[in-house]
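Notes for the structure review
So the chains spell out like this:
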Amino acid sequence: MEAPRSAFVTKRPSIRILACVKCGVKITVENIGRISDVDGLTVNGAHCKPCAREVVQELKEGRFYENYRGKVIYCKDDKFFPEWFCLFYFRTVEHCRAFIDAKLKELEGLQETLEYWEEKK
Ligand SMILES: [Zn+2]
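In short, a report on the structure.

Rules behind the numbers
- Positions within a chain are numbered from 1, following the residues in the order the chain's sequence is written.
- Whole-chain, interface and lining totals are the exception, using all residues; otherwise, since this is a predicted model, local features are given only for residues with pLDDT of at least 70 and side-chain atom pairs are given and counted only at 80 or more.
- Strands are labelled as partners when DSSP assigns at least two bridges between them.
- The way it works is that DSSP assigns letters per residue, a run of H or I at least four long becomes a helix, a run of E at least two long becomes a strand, and they are numbered from the N terminus.
- Helices are assigned an expected span. That span is 1.5 Å times one less than the residue count.
- With C-beta atoms placed from the backbone, a residue counts as buried when 20 or more other C-beta atoms lie within 10 Å of its own, as exposed when 12 or fewer do, and as partly exposed for counts between those limits.
- An arc is given here, and it is the one of the directions from the helix axis to the C-beta atoms.
- Two residues qualify as being in contact provided that their C-beta atoms, derived from the backbone, are within 7 Å of each other.

**So, the pairing of strand S4 (residues 71-76)**
Bridge analysis of strand S3 (residues 64-68) against S4 gives four bridges, and the strand direction is antiparallel. Looking at the pairing, asparagine 67 lines up with valine 72 of S4. What sits between the antiparallel neighbours S3 and S4 is a turn of two residues, in which arginine 69 has the positive phi angle 50°. Across three bridges, S4 lies against strand S5 (residues 79-81) in antiparallel orientation. By the bridge assignment, tyrosine 74 is partnered in S5 with phenylalanine 81. Linkage of S4 to S5, two consecutive antiparallel strands, is achieved through a turn of two residues, within which aspartate 77 is found at a positive phi near 50°.

**Brief notes about helix H1 (residues 49-63)**
The first and last C-alpha atoms of H1 sit 21 Å apart over 15 residues, in line with the 21 Å expected at 1.5 Å per residue. Regarding H1, the residues found buried are Cys51, Ala52 and Val56. The arc that holds the buried residues of H1, viewed along the axis, is 140°, so those residues lie on one side. Opposite its buried face, H1 presents the exposed residues Gln57, Glu58 and Glu61, each directed more than 90 degrees away. Structurally, H1 contributes buried residues whose contacts are with strand S1 (32-33) and strand S2 (47-48).

Here is the structure:
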């Protein structure tokens with residue numbers, strides 16, 4: 001009787017080591033780079049750290065929409081993101097700007113509160 005064939009047991013196991021899709025360097029635990037798009041989705045393909053940094057930089061340049069009050073608004077597929085790696089988006093840039101306005105206002109309020117308590121001391 002023949003032993004059942006297993007996908008994991010072969011006479012000549014061939015071990016493949018992942019290589020960076022950009023530069024071909026072998027990927028190890030130490031040099032693996034992680035790439036997150038503006039919406040938090042990962043980019044396909046294994047990359048080494050230096051290449052991952054390059055890919056992220058290229059993505060950021062490609063998705064740049066405008067600098068608004070010191071914040072960068074990114075655009076991907078007609079979706080507007082108030083920051084990189086953001087799990088929500090706006091369908092118009094006006095709403096995205098309004099969100100940033102509200103955030104900055106919140107920070108100003110916090111600053112005022114801190115100053116108030118500093119004076120009270
Ligand atoms: Zn590489």
